[in-house]
2 protein chains.
Amino acid sequence: MFMTTLLSQGTEEQQAQWLNRSWHMDGVLGTYAQTELGHGTFVRGLETRADYDPITQEFILNTPTQSSYKWWPGGLGNTANVAIVLAQLYVKGKHYGLQSFVVRIRDERTHEPLTGVDVGDIGPRLGGNGVNNGFLGLRDVRIPRNQMLMKNAQVLNDGTFVQGRPPLLLYGTMVYVRVITLKDVLFGLLQAATIATRYSVVRRQSRINSDQPEVSVLDHITQQAKILPQIARGVSYRLVSDWLWRFYEDVLRQLEDESTAGRNSLPELHALSCCLKAVASDEASEGVDLLRKSCGGHGFLSSANFDSIYGLTAAAYTYEGEYTVLLLQTARFLVRQYVDSLKRKVLPSSVSYLRDTSRLVWGKNLAANCVRALEISAMEQVRQAWQTQKTHQSSKVSAEMASNLAGRQLTSAAIAHAHAFFTRNALEQVEALRKKGDLSPNVSLVLSQLVELFVIDTFLRQSGCVLRWNNGITGTQLRFVERRFEELLAKLRPNAVALVDGFDFHDRVLGSTLGCHDGRVYERLMEEARRNPVNQEPVNSSFHNHLLPMMRGKL
Amino acid sequence: MFMTTLLSQGTEEQQAQWLNRSWHMDGVLGTYAQTELGHGTFVRGLETRADYDPITQEFILNTPTQSSYKWWPGGLGNTANVAIVLAQLYVKGKHYGLQSFVVRIRDERTHEPLTGVDVGDIGPRLGGNGVNNGFLGLRDVRIPRNQMLMKNAQVLNDGTFVQGRPPLLLYGTMVYVRVITLKDVLFGLLQAATIATRYSVVRRQSRINSDQPEVSVLDHITQQAKILPQIARGVSYRLVSDWLWRFYEDVLRQLEDESTAGRNSLPELHALSCCLKAVASDEASEGVDLLRKSCGGHGFLSSANFDSIYGLTAAAYTYEGEYTVLLLQTARFLVRQYVDSLKRKVLPSSVSYLRDTSRLVWGKNLAANCVRALEISAMEQVRQAWQTQKTHQSSKVSAEMASNLAGRQLTSAAIAHAHAFFTRNALEQVEALRKKGDLSPNVSLVLSQLVELFVIDTFLRQSGCVLRWNNGITGTQLRFVERRFEELLAKLRPNAVALVDGFDFHDRVLGSTLGCHDGRVYERLMEEARRNPVNQEPVNSSFHNHLLPMMRGKL
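Just so you know, these numbers come straight off a predicted model, no measurement behind them.

With respect to the interface of chain A and chain B
The extent of an interface is frequently quoted as the accessible surface area lost upon association of the parts.
Turning to step 1, where the next piece is worked out: Listed per partner, the contact involves 114 residues of chain A and 113 residues of chain B.
Turning to step 2, where the next piece is worked out: Both faces combined, the contact of chain A with chain B buries some 9,700 Å², and carbon together with sulfur accounts for 57% of it.
Turning to step 3, where the next piece is worked out: Of all residues in chain A, the largest losses of buried area upon contact with chain B belong to F300(A), R408(A) and R468(A), amounting jointly to 8% of the total for that side.
Turning to step 4, where the next piece is worked out: For the pair chain A and chain B, the number of links is 12 salt bridges.
Turning to step 5, where the next piece is worked out: Measuring nitrogen to oxygen at the nearest pair gives 3.5 Å for the salt bridge that ties D282(B) to K293(A).
Turning to step 6, where the next piece is worked out: Applying the counting rule to chain A against chain B returns 46 residue pairs in polar contact (both at pLDDT 80 or more).
Turning to step 7, where the next piece is worked out: By residue class, the composition of the side of chain A that touches chain B is 40 nonpolar, 44 polar and 30 charged.

Given below as structure tokens:
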């Protein structure tokens, strides 16, 4: 983030001054400090301020309240020695909005915090404890004028403020981070699926036929139904994330060429990246947790490593755009597009289904039926959100309050859109790969099964929404979809281990006693338990310090 | 568990020998060792064995394989010095099934593990790390004959095995543990809800009207929709768990009086306790996690304490009966009852709705409509599970395999039954309290709102299942339910803080920087961060050990 911000907001001179040293860790260990103890999503509410002093030509940085302490930046705790600090700019008492400042916080040589700098680690977290997230208080910390990043806005020597053109590419950085996040969470999901699959084959539990021995847990259909859809989801997310990456690159190129196509695609790209990141991080972390639970008690052990994978995946629900906030951003886009559709305007391709008011025609292609049903649901949810907003507005509340009151309908619309898009796009990507001839017939078959399972699983999980808006779907059709779901489980079961082996996660990456390639589950559990420091002494000190006095005292 | 097992399986002499000493911690620190490294749910598969030696009149205990190591018992790691060990009994090579044995594992005075005993802690876990769960290997450990628990079966001096009557009350203990678990998880849920509610009032984020300051997060309807239904769920679970406790006590009393009523009620009680524990632990831990996420980044900090509450609540999904296993037990009961209903038999009251084949009549009482729709769904899910089993059986697989193949339908049926029961019973309990006149009008009103919210929330969350089996429900009716849901959020919002204050969790119990009674969130976050050991030295040792060499080497 430090370097990305320098690139997008720094002048060439500023980049020359900081980028190279940062890249080579030459006295510059950077972090990006935006969020504050009391302020996150609502960026305009940040309290940290930078006052320009035209006499010394310096900015004076302050976090005037406790709630304005910077809080969360990664690496800030005890590693970084320079921070890009987002602060409210004031010149001669006049406010010029948020700007970015490069602030040295620790001495380059001694690493001691500089005068006026109060820095530390914010404490243990659910996951990612190696990230060293920190807090930062600033008290009259002075930096030279040229340490405000000035590509898009400048403060001249005398304090004159010059606003440049609004930075379109800022949008781009946010999209970039969300595409990366989508990839991160799907990898987490596939790692957890690898561990659970391998364990579920080694672990034998309960007989199916009473005259035979206990079977692999994965032979129980209830276990297949927990694990295989997660593999299908991870693979499908991967296909969609690759497509999204290409879309992002296309738009970026167009923006750099200053083409209007790029400018026109930005809102669609932004809306897609918001809801896909939100829904994927939510469902991936839910999936990781289900996979943990599918491993019974042993999944609960830290040595299984689900807790660490869960911590990282769950964090993605919040960072770089909180779940509900992102959904509301997508929803606003969808409602605008829906209004456009009523005016018969041409819509961007990812939302063109909003114009299609035809009812569901149940054809032979099950996956296609499911996608179409999800699209109809999404369209109806968008319509309902729009109507709810209108109804509230007509009842004399402000447009903003109406939008708050329609919050549930708006977020549901964005979620429904994400499901419709994920499923349609995943099917299209398999088809494209197949047509390109990149896949062997066997791989093509299994990949198709996985994506079909993902589509059907999404349809069934969303059946409340789907049935509400597709009254025509019959019980027979639903039974047919469910039967196909179970058929796919049976077809994929024999390939489960080969599939997760194919993801090629190294044992060290998985870091799990349950999920290693060689299947030596019980040996590793035992070895890991023996390594526990508590076990290094036959009698724990708690016996002499606590138990013995209690037993003597006969509580 | 140590003492409960002594009570239910020990003779009077054995109780005299062990109970009093255990209760007073007089040289006896007990634990109960059943689960093994390779064996959990399928108890008959346990490998630990006890061979009777008629010459010395001793049992010789062994864990003959790695997978037979006892694994998970609480307090076993370094606290307990005596264990009740579940083992396969062999006399003169003949197998007599599972029996319980009292085995001293550590010296009473020195606490050193005894000869042949290999004991330790199984390592860190997702939650409950204070529980000191352990492993136990036994190699030719000899115990006197009178340390097999002999209330229900005996081994005489010469090795003669005498089987007593099967212990009906064992069932009772399992039910007891599940009722307790239900209470544990609902307390976890309400604790998390208390923290999230208090934080959501203190935390201000985003404006609703652009000319006004940022509002409390709880003023956003999306936040209300995350938090208030969890409070409603916790309170409703509480009402149902109190009823279940009374039912349990009634049955227990009847069993002690050897009445047939008790014997007849056991299967119903058992089936109820299984699915209620399973569904409540699943939904409570999901709720705790949602509450954590509702607190944004700060909810992710360990100092918020959601991670520890989640760890304990999530553990309940697995311990004392794994989720899917319990659901399948309830499902088998439901299918049997359904078959009885086809024969026009009278059914136990909790499943009497299985006989009611009338369609949903949408009346004025919204909550009653929702409950009835959930019952119809449950009934149809049970019917579908039964039919799926029959279909598979007729296709030439064994009854057991048919049951495995119907696993998804069976578990869905048990979940639907739990929802139908939770909602109907919660409504009935409020009504009973109201009729008893125990409630002030205001408390009665708020309690009714909470339970109605719980019922409607359950209905909406299950809408896939509900709409599938209640074709008659119209879009207008659904909109009506949703509007009532939002109305209830608005009605409960002003009482939210008073409600969670009413749960009366002490700040020390909550242990959360975000959830204290006085609302000093940011101060506590800062104080807690400053306490972090990493912050005690201005320059962390990692700077000299790692960063400096790297920077010098200019990687």
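Description of the domain arrangement of chain A
Residue and element names in this part refer to chain A.
Turning to step 1, where the next piece is worked out: Under the domain assignment used here, chain A contains domain 1 (2-166) and domain 2 (170-344 + 373-383 + 407-498).
Turning to step 2, where the next piece is worked out: Each of domain 1 and domain 2 has a C-alpha centre, and the two are 37 Å apart.
Turning to step 3, where the next piece is worked out: On the side of domain 2, 7 residues touch domain 1, which itself brings 8 residues to the contact.
Turning to step 4, where the next piece is worked out: Regarding the contact of domain 1 and domain 2, the summed buried area is about 530 Å², with carbon and sulfur atoms giving 67% of it.

Let's talk about the sheet that holds strand β7 (residues 117-121) of chain A
All names here are of chain A.
Turning to step 1, where the next piece is worked out: Sheet architecture is open: 3 strands sit in the order β4-β8-β7, paired in antiparallel fashion. The open sheet has two free edges, formed respectively by β4 (70-71) and β7, since each of these has just one partner strand.
Turning to step 2, where the next piece is worked out: Inspection of the sheet shows β4 paired to strand β8 (residues 134-138) by 2 bridges, in the antiparallel sense. Paired with W71 across the two strands is F135, which belongs to β8.

What to know about the relation of the copies chain A and chain B
Turning to step 1, where the next piece is worked out: The operation relating chain A to chain B is a screw motion whose rotation component is 180°, with 0.0 Å of axial translation and a residual RMSD of 0.0 Å. Here the symmetry operator amounts to a two-fold rotation axis. Taking C-alpha positions as the reference, the residue of chain A nearest the rotation axis is G464(A), at 1.7 Å.
Turning to step 2, where the next piece is worked out: Interface overlap between copies: 99% of the residues of chain A at the interface are likewise at the interface in chain B, consistent with a symmetric, same-surface contact.

Focus: the sheet that holds strand β4 (residues 70-71) of chain B
Turning to step 1, where the next piece is worked out: A sheet is described by the order of its strands in space; here 3 strands give the open sequence β4-β8-β7 (chain B), paired in antiparallel fashion. Of all the strands in the sheet, the pair left with one neighbour each is β4 and β7 (117-121) of chain B.

Overview of the side chain of E375(A)
Residue and element names in this part refer to chain A.
Turning to step 1, where the next piece is worked out: Following the sequence through the fold, E375 ends up in helix α9 (residues 366-394).
Turning to step 2, where the next piece is worked out: Side chain to side chain, E375 and R424 meet in a polar contact 2.6 Å long.
Turning to step 3, where the next piece is worked out: Those residues in contact with E375 that lie beyond four places of it in its chain are Y353, A420 and R424.

Here we look at unusual backbone geometry
Trans is the prevailing form of peptide bonds, just as negative phi is the prevailing case for residues other than glycine.
Turning to step 1, where the next piece is worked out: The phi angle at E258(A) is positive, at roughly 55°, despite the residue not being glycine.
Turning to step 2, where the next piece is worked out: Structurally, the position occupied by E258(A) is in the loop between α4 (221-256) and α5 (260-294).
Turning to step 3, where the next piece is worked out: Residue classification places E258(A) among the exposed residues on the basis of a relative accessible area of 59%.
Turning to step 4, where the next piece is worked out: With a phi angle near 50°, M25(B) is a residue other than glycine that sits in the positive phi range.
Turning to step 5, where the next piece is worked out: Along the chain, M25(B) turns up in the loop between α2 (12-23) and β1 (30-33).

Quick notes on the rules
- Residues numbered from 1 in each chain as written.
- Chains lettered and ligands numbered in written order.
- Predicted model: local features only at pLDDT ≥ 70, side-chain atom pairs only at ≥ 80, totals over all residues.
- Heavy atoms only, no water.
- Contact = heavy atoms within 4.5 Å.
- Buried area = accessible area lost by both parts, 1.4 Å probe.
- Salt bridge = Lys/Arg side-chain N within 4 Å of Asp/Glu carboxyl O.
- Polar contact = N/O pair within 3.5 Å; in protein donor to acceptor, adjacent residues only side chain to side chain.
- Nonpolar A, V, L, I, M, F, W, Y, C, P; charged D, E, K, R; others polar.
- Domains from an automatic or database assignment.
- Pairing = 2+ DSSP bridges.
- Helix = DSSP H or I, 4+ residues; strand = E, 2+ residues; numbered from the N terminus.
- Least-squares fit on C-alpha atoms with pLDDT ≥ 70 in both.
- Buried < 20%, exposed > 50% of the residue type's maximum accessible area, 1.4 Å probe, protein only.

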